[in-house]
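The residues making up each chain are set out below.
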Amino acid sequence: MVSMKKREKVSIAIAAYNGEKYIYKQLRSILDQLKDEDEIVISLDPSTDRTEEIIENMNDKRIRVIDGPGKGLIKNFENAIKNTRNDVIFLSDQDDVWETDKVETVLNAINGYDLILHDALITDKNLKVIEDSVFKKRTPALSFKKNVIKNCFMGCCMAFRENLKKDILPFPAKIPMHDQWIGLVALKKGRVRIVSKPLILYRRHGNNESNMNHASIPQMIRWRIDLLNALKERGLV
């Protein structure tokens, strides 16, 4: 159970784009865990399907849809995070499903910390579990250097305190992914905690905007150079 102190308010930041196939089930799994004072901020990039209609038909005052910048996933997440208003910010993909105790577990775990990274079950498109741990594929580490070389931070498995926004935003122009950037900043600016319990069903299908596939070696080298340059510009290395 959450401790007797007043529960912190929660914001969920979602970057949405053409998500009609899965977004209802994901939102339902989140809303069932939220209080009246919590919010879901959905930055919706211009879409060609029924994503916006599905969200509107849920008719839940805790959901706030804002226009996405239409510049890709990283900028879309930046827009969602920038517009959150509460104490603890959860990142969410549009196509996963949250376990019923995710919010409670994270709020307990984040006491005294600035960012939480938790495990996940990997499923196919129909939510059949195909692997019982993301951490077995991406061994988590609290080493700044190791996470520059091989990132273990996954946005859909992360939550962080509002005070980190001033350090992570705006996202640098050439970072490879937003979650790695947030994790590295948190390692430098705050305290990070790893929770080994799987708290989401991490759905893998052919159209995921973010994926676990490796880029080419030249591209990976280029990304790390860009990342190191961005970290230097913020005075983090």
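Only a predicted model underlies this, so the values are computations on that prediction, with no experimental measurement involved.

A. Highlighting the overall build of the protein. Helix and strand content of the protein: 8 helices and 9 strands. The C-alpha radius of gyration computed for the protein amounts to 17 Å, which stays within 12% of the reference 18 Å derived for 237 residues, consistent with globular compactness. Counting only C-alpha atoms, the protein reaches 45 × 45 × 35 Å along its principal axes. Within the protein, the proportion of its 237 residues that are buried is 55%.

B. Structural view of the side chain of R7. Assignment of secondary structure puts R7 in the segment before β1 (10-16). A distance of 2.9 Å separates a polar atom in the side chain of R7 from a polar atom in the side chain of D38. Excluding its chain neighbours within four sequence positions, the residues that come into contact with R7 are Q33, K35, E37, D38, V103 and L107.

C. Local environment of the packing of aromatic side chains. All told, the structure shown has 1 aromatic pair when counted by the stated rule. Their ring planes at 35° and their centres at 5.6 Å tell us that F90 and W98 sit as a pair that is tilted. The pair formed by F90 and W98 is uniform in burial state, with each residue classed as buried. Between the NZ or CZ atom of K102 and the centre of the ring of W98, over which it lies, the distance is 4.1 Å. Here the guanidinium or amino end of R191 rests over the ring plane of Y113, the centre of that ring lying 4.3 Å away.

D. Structural view of a nonpolar patch on the surface. The grouping of I217, I221 and I225 at the surface amounts to a nonpolar patch, some 280 Å² of accessible area in total. Position of I221 relative to the elements: it lies in helix α8 (residues 217-233). For I221, a relative accessible area of 47% gives the class partly exposed.

E. Quick peek at unusual backbone geometry. The omega torsion across L169 and P170 is -10°, close enough to zero to call that bond cis. For P170, the location among the structural elements is in the loop between α6 (165-168) and α7 (178-189). Phi is positive for N18, which is not a glycine, with a value near 45°. By the secondary structure assignment, N18 is in the loop between β1 and α1 (23-31). Backbone geometry at N59 places phi at a positive 50°, although glycine is not the residue there. Here N59 is to be found in the loop between α2 (51-58) and β3 (63-67).

F. Main features of the pairing of strand β8 (residues 158-161). Of the two faces of β8, the one holding M158 and F160 and the one holding A159 and R161 are both buried throughout. Bridge count between strand β4 (residues 88-92) and β8: 3 bridges; the pairing is antiparallel. Across the sheet, the residue bridging to F90 is A159, located in β8. Here strand β6 (residues 115-123) runs beside β8; their pairing, made up of 3 bridges, is antiparallel. Of the residues in β8, the one forming a bridge with L117 is M158.

G. Inspection of the nonpolar core at higher detail. In this structure, I40 and W181 are the most contacted members of the largest nonpolar core, which totals 70 residues. Each residue touching W181, except ones within four places of it in the same chain, is listed here: D167, I168, F171, P172, I175, L227, A230, L231, R234 and L236.

H. Layout of the environment of I89. With respect to the helices and strands, the residue I89 is situated in strand β4. Here the alpha-carbon distance between I89 and K6, two residues 83 residues apart in the chain, equals 17 Å. The contact partners of I89, leaving out residues within four places of it in the chain, are S11, A13, T84, M158, A159, F160, E162 and K165.

I. Quick peek at the packing of α1 against α2. At their nearest, the axes of α1 and α2 sit 10 Å apart, and the two run at 30° to each other. Taken as a pair, α1 and α2 cross one another with a handedness that is right-handed. Residue-level contacts link I23, Y24, L27, R28 and L31 of α1 to T51, I54, I55 and M58 of α2. Its residues placed into classes, the contact of α1 with α2 shows 7 nonpolar, 1 polar and 1 charged.

J. Seen up close, the environment of K9. Locating K9 in the fold gives a position in the segment before β1. K9 gets classed as partly exposed once you look at its relative accessible area, which sits at 35%. For the pair K9 and T100, spaced 91 residues apart in sequence, the C-alpha to C-alpha distance is 17 Å.

Rules and cut-offs
- Numbering of residues begins from 1 in every chain and follows the order in which that chain's sequence is written.
- Two thresholds apply to this predicted model, a pLDDT of at least 70 for residue-level local features and 80 or more for giving and counting side-chain atom pairs, whereas whole-chain, interface and lining totals are computed over all residues.
- Neither water nor hydrogens contribute to the side-chain values; these are computed over all heavy atoms in the structure.
- Only DSSP runs of H or I reaching four residues or more are called helices, and only runs of E reaching two or more are called strands; each is numbered from the N terminus.
- The globule rule used here is 2.2 Å times the number of residues to the 0.38 power, and the radius of gyration it is set against is calculated over C-alpha atoms.
- Burial classes: relative accessible area under 20% of the type maximum marks a residue as buried, over 50% as exposed, and values in between as partly exposed (1.4 Å probe, protein chains only).
- Distance and chemistry together define a polar contact, namely a pair of N or O atoms within 3.5 Å, with one atom able to donate a hydrogen and the other to accept it when in protein, and with adjacent residues in sequence counting only for side-chain atoms on both sides.
- Whether two residues are in contact is decided by their heavy atoms: any pair within 4.5 Å suffices.
- Ring pairs shown here join Phe, Tyr and Trp side chains whose ring centres sit within 6.5 Å, with only the six-membered ring taken for Trp; geometry is labelled stacked below 30 degrees between planes, edge-to-face above 60, and tilted in between.
- Here, over-ring charges are defined by two tests on the NZ atom of lysine or the CZ atom of arginine: distance to the ring centre within 6 Å, and angle to the ring normal within 35 degrees.
- Each patch is assembled from residues with relative accessible area greater than 30% and no salt bridge, linking like charges that lie within 9 Å and nonpolar side chains (Val, Leu, Ile, Met, Phe, Trp, Tyr) that lie within 5 Å.
- We get accessible surface area from the Shrake-Rupley algorithm with a probe of 1.4 Å; when it comes to residues, only the shown protein chains can shield them.
- The salt bridge definition used is simple: a Lys or Arg side-chain nitrogen within 4 Å of an Asp or Glu carboxyl oxygen.
- Two strands qualify as a pair provided DSSP detects at least 2 bridges between them.
- We define a nonpolar core as any set of buried Ala, Val, Leu, Ile, Met, Phe, Trp, Tyr and Cys residues linked to one another through side-chain atoms lying within 4.5 Å.
- All axes here are fitted lines through C-alpha atoms, helices being fitted over the stretch that makes contact, and every angle between N-to-C directions spans 0 to 180 degrees.
- Each crossing gets its handedness from the near helix: less than a right angle anticlockwise from the far helix is left-handed, clockwise is right-handed.
- Classification used: nonpolar for Ala, Val, Leu, Ile, Met, Phe, Trp, Tyr, Cys and Pro, charged for Asp, Glu, Lys and Arg, polar for all others including Gly.

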